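Reading the structure
Residue strings, one per chain:
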Amino acid sequence: MPFEPLDQYVQRQKKLEEIRALGVDPFPHRFPCSHTVPEIHERYGSRSATELEAEPVAVRIAGRILSLRLHGKAGFAHLSGQGERLQVYVKLDAVGERGFALFRLLDLGDIIGVSGHLFRTRTGELTVWVEALTLLTKALLPLPEKWHGLADVDQRYRRRYLDLIVSERSRGIFLRRAQILRSLRRFFDERGYVEVETPMMHPILGGATARPFVTHHNTLDMDLYLRIAPELYLKRLVVGGFNRVYEVNRNFRNEGIDAIHQPEFTMLEFYQAYSDYTELMDLTEQLFRALVQEACGTLRITYGDREIDFASPFARLTMRQGIVAYWPEQAGPVPTEQALKAPGGPLEAALRYNAWARAHDRPLVEEAETASPPSDGELTGALFEAIAEPHLFQPTYIYDFPVEISPLAKRRADDPSITERFELFVAGMELANGFSELNDPEDQERRFRAQVEKGGEEMPKVVDMDYIRALSHGLPPTAGEGIGIDRLVMLLTDSHAIREVILFPLLRPEAGEKPADNAPPDEGSLEKEREV
RNA sequence: AGGGGCGUAGCUCAGCGGUAGAGCAGCGGCCUUUUAAGCCGAAGGUCGUGGGUUCGAUCCCCACCGCCCCUACCA
């Protein structure tokens, strides 16, 4: 079935027939190469024209045609291979009548193989003097416009394959993403962590506060949630004696889409027995330094128009200290930590802040959308997010979270209203969230029940009693943490939208694209197709 | 969801009450070291969709659709 742009598709089909008429197979099977394009640049990039003439280097390479300049009885093209370009020179005298006839039928986007030797053109560019030309794949659709590239951002995500062909930056982001994940796995593997895979389809919602996607299993006739977090399964593994585990995989949350949120996002979670959150803060600093250094080659990286310093120790503030430190002075006297700790203190501060914020069109401290009025803990969290979070550009730990917003974290021994929990903020983004895990099964069950009672779409409907049972068998003192990988990659690639670092982000279906046109098979044949 | 912006040739854009323009891509021709190759020629458009105002709308008005940005919720 032809695709738009139709005239070009039809034109290329015509050329395809002319190529076949020449006796050339436009989709042949294999083409062994002597070098990759990067290898050629690496090995021969410094050879001079005279050196290449004196000692000819035979090469056989393949790639996609990214530029094409015909000059009558000769022509130049740039081939792209492994993200790098190499020019080739095709001359009637060198490739013969049939070879040149084929060359004249090539288009931008076609994939070819050439064999010949290296030389330098008059302008000094390293080039392959082509002696034989092989068409490897005819492209029936054109590449994006040659110097604007794919300017429509939406098209860059929908047609990611084109984006990757023409945008070195985009290609680089995903190569770096892969490299970051390798570094990350190495970091944990070296420290004795076991990488595991836990279910992505959960019968019971849990491990985070978020609105889920719901799906259905036919044979078992049961609804399942796409997981919002792997947390409860990973801790079951710690109960099972896997003292150090980690998982890197997708979470699914049925919530908004914006510059830093996608419904499907990648999360690292790791758990470590016999530790607490202070140890994780230290470990996380080491991890970030290792990842930043390996990805960027420096500990002072540029993000937008600012520098982020990963070399210095990360700032550490309690949540209450954060509110105090960034309290806008125009909103009245700065509340003290003591005042925020006292019953009703957060409410008093929130009312004062809201009065000022409303008058100045600034973010309000929102009241939680639940039946009961917000608790002091919830208000403390809301105050922090409104007041301090946007300011946290340099790596900063915020720790000691209220128990009401930390249902899985262990309370502090000296203050049961707060938990041993921290979050790491960089560039105004929440990147990591860790805590000493609550391992008292009775306290955990009470907190789960409170959540269920509280209600709301993002709350579990039932208590995960098997998890409580697992805790009842004894979870050693354990610290655990989650790190948002997409945001981490954003940071380390100077990307400012999460869609830049996800290969195929979720988008609204393209306008005018009718799913019905793709002839959905009826249910019976669909079933059959899946039985493999 | 609310506020702002955008939508004209395949792509990037100009035009703005009098009936459509450029560059690039594509097509034909010339060109055996070019590189945003060049030169000549022809082709390409329901000006996002629907309504309204007007003698006349791509242009003004209204609605809708799509995309982007900001604000609110979530990592």
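Residues numbered from 1 in each chain as written. Chains lettered and ligands numbered in written order. Predicted model: local features only at pLDDT ≥ 70, side-chain atom pairs only at ≥ 80, totals over all residues. Heavy atoms only, no water.

Some points on the overall build of chain A
Inclusion rule: Numbering of helices and strands runs from the N terminus; a helix is a DSSP stretch of H or I covering at least four residues, while a strand is a stretch of E covering at least two. Each residue is assigned to one of three classes by its accessible area relative to the maximum for its type, calculated with a 1.4 Å probe on protein chains only: buried under 20%, partly exposed between the two thresholds, exposed over 50%. Any two residues having at least one pair of non-hydrogen atoms within 4.5 Å are treated as being in contact.
Of regular secondary structure, chain A possesses 17 helices and 19 strands. Structurally, chain A occupies a C-alpha span of about 90 × 60 × 55 Å along its principal axes. The buried share among the 532 residues of chain A stands at 47%. A fraction of 67% describes how many contacts in chain A between residues 6 or more apart in sequence connect residues 24 or more apart.

A word on the sheet that holds strand 3 (residues 84-91)
Which entries qualify depends on this criterion: One bridge is not enough; two strands pair if DSSP finds at least two bridges between them. Lines fitted to the C-alpha atoms define the axes, with helices restricted to the stretch that makes contact. Angles between their N-to-C directions range from 0 to 180 degrees.
Here five strands make up a closed barrel; going around it, the order is 1-2-3-5-4 and the pairing mixed. Within this sheet the neighbouring strands show an average axis-to-axis angle of 55°, counted without direction. Here helix 2 (residues 37-44) sits on the sheet in contact with strand 1 (58-70), strand 2 (74-81), strand 3, strand 4 (111-120) and strand 5 (126-137), set at roughly 90° to strand 3. Sheet strands touched by helix 4 (residues 92-104): strand 1, strand 2, strand 3 and strand 5. Its angle to strand 5, the strand with the most contacts, is close to 40°.

Digging into the packing of aromatic side chains
For clarity, the threshold we go by: The rule is short: rings of Phe, Tyr and Trp, with Trp giving its six-membered ring, pair when the centres are within 6.5 Å, and they are stacked under 30 degrees, edge-to-face over 60, tilted in between. The rule for a charge over a ring is simple: NZ of Lys or CZ of Arg within 6 Å of the ring centre, and within 35 degrees of the ring normal.
On inspection of all chains with the given rule, the structure shows 18 aromatic pairs. With a centroid separation of 6.3 Å and 25° between ring planes, the pair formed by F288 and F310 is classed as stacked. Of this pair, F288 sits in helix 9 (residues 277-296) while F310 is found in the loop between strand 13 (306-309) and strand 14 (315-318), placing the two residues 22 residues apart along the sequence. The pair formed by F288 and F310 is uniform in burial state, with each residue classed as buried. By way of ring pairs, the aromatic residues F187, F188, Y193, Y246 and F270 are connected into one cluster. Over the aromatic face of F187 sits the side chain of R191, whose NZ or CZ is 3.6 Å from the ring centroid. Looking at R236, its charged tip hangs above the ring of Y233, at a distance of 4.8 Å from the centre.

Focus: the nonpolar core
Where we set the bar: Joining through side-chain atoms within 4.5 Å is the link that ties buried Ala, Val, Leu, Ile, Met, Phe, Trp, Tyr and Cys residues into a set, and such a set is a nonpolar core.
Counting residues in each nonpolar core, the largest one holds 47 residues, and the members touching the most others are F188 and L491. If we skip the residues at most four places from it in the chain, L491 touches I301, Y303, I308, F310, V426, A427, M429 and L431. Formed by 30 residues, the second largest nonpolar core is a distinct cluster that contains I40, V57, L86 and L92.

Looking at the pattern of salt bridges
To be explicit about the condition: The salt bridge definition used is simple: a Lys or Arg side-chain nitrogen within 4 Å of an Asp or Glu carboxyl oxygen.
Tallying each qualifying case throughout the model produces 33 salt bridges. A salt bridge links R412 to D400, with the shortest nitrogen-to-oxygen separation between them at 2.8 Å. Of this pair, R412 sits in strand 16 (residues 411-412) while D400 sits in strand 15 (residues 396-402), placing them 12 residues apart in sequence. Looking at R412, the relative accessible area reads 23%, which means it is partly exposed. For D400, a relative accessible area of 8% gives the class buried. What you see here is one network of salt bridges that share partners, running through K15, D107, D110 and K138.

Quick look at the packing of helix 8 (residues 231-239) against helix 15 (residues 465-472)
We apply this condition: Throughout this description, any angle smaller than 35 degrees is read as roughly parallel, any larger than 145 degrees as roughly antiparallel, any in the 65 to 115 degree range as roughly perpendicular, and the remainder as oblique. The handedness criterion is simple: a crossing whose near helix is rotated anticlockwise from the far helix by less than a right angle is left-handed, and one whose near helix is rotated clockwise is right-handed.
Between helix 8 and helix 15, whose axes approach to 9 Å, the crossing angle comes to 25°. Here helix 8 is positioned roughly parallel relative to helix 15, judged by the angle of their axes. Between helix 8 and helix 15 the crossing geometry is left-handed. Residues L232, K235, R236 and V239 of helix 8 pack against D466, Y467 and A470 of helix 15.

Quick notes on the sheet that holds strand 7 (residues 201-202)
A sheet is described by the order of its strands in space; here three strands give the open sequence 7-9-8, paired in antiparallel fashion. Two strands bound the open sheet, and with one partner strand each, they are strand 7 and strand 8 (214-217). Pairing of strand 8 with strand 9 (residues 222-226), which is carried by four bridges, proceeds in the antiparallel orientation. Bridged to H217 within strand 9 is M222.

Quick word on helix 9
Selection criterion: Residue count minus one, scaled by 1.5 Å, sets the expected span of a helix.
For helix 9, built from 20 residues, the straight-helix expectation of 28 Å at 1.5 Å per residue is met to within 8% by its first-to-last C-alpha distance of 28 Å. Within helix 9 the residues assigned to the buried category are Y277, L280, M281, L283, T284, E285, L287, F288, L291, V292 and A295. Once helix 9 ends, the next one or two residues include G297, with phi positive near 75°.

Some thoughts on helix 4
Between its terminal C-alpha atoms helix 4 stretches only 10 Å, short of the 18 Å expected from 13 residues at 1.5 Å a residue. Looking at the buried side of helix 4, the elements it contacts are helix 1 (6-21), strand 1, strand 2, strand 3 and strand 5.

Considerations on the packing of helix 7 (residues 168-190) against helix 16 (residues 485-492)
This is how it is decided: Classes in brief: Ala, Val, Leu, Ile, Met, Phe, Trp, Tyr, Cys and Pro nonpolar; Asp, Glu, Lys and Arg charged; the others, Gly included, polar.
Viewed as axis vectors pointing N to C, helix 7 and helix 16 meet at an angle of 115°, and their least axial separation amounts to 10 Å. Along this stretch, helix 7 crosses helix 16, giving a crossing that reads as right-handed. Contact residues: R176, R177, I180, L181 and L184 in helix 7; I485, D486, L488, V489 and L492 in helix 16. Residue composition of the contact of helix 7 with helix 16, by class: seven nonpolar, no polar and three charged.

Concerning the side chain of S436
Relative to the helices and strands, S436 is located in strand 18 (residues 429-436). Among the residues examined, S436 registers a relative accessible area of 2% and is labelled buried.

Regarding unusual backbone geometry
Of note, Y274 is a non-glycine position whose phi angle comes to about 65°, a positive value. Mapped onto the elements, Y274 comes out in the loop between strand 11 (264-273) and helix 9. On the basis of relative accessibility, which here comes to 57%, the residue Y274 falls in the exposed class. At D400, a residue that is not glycine, the phi angle is positive and equals roughly 65°.

Some remarks on the side chain of D443
Inspection of the secondary structure puts D443 in helix 14 (residues 441-454). The exposure class assigned to D443 is buried, which follows from its relative accessible area of 7%. Here D443 is in contact with R411 and L438, once residues within four sequence places are set aside.

What about the environment of T215?
For T215, the location among the structural elements is in strand 8. The sequence separation of T215 and Y225 amounts to 10 residues, and the corresponding C-alpha distance is 6.1 Å. Leaving out residues up to four positions away in the same chain, T215 has contacts with M201, M222, D223, L224 and L226.

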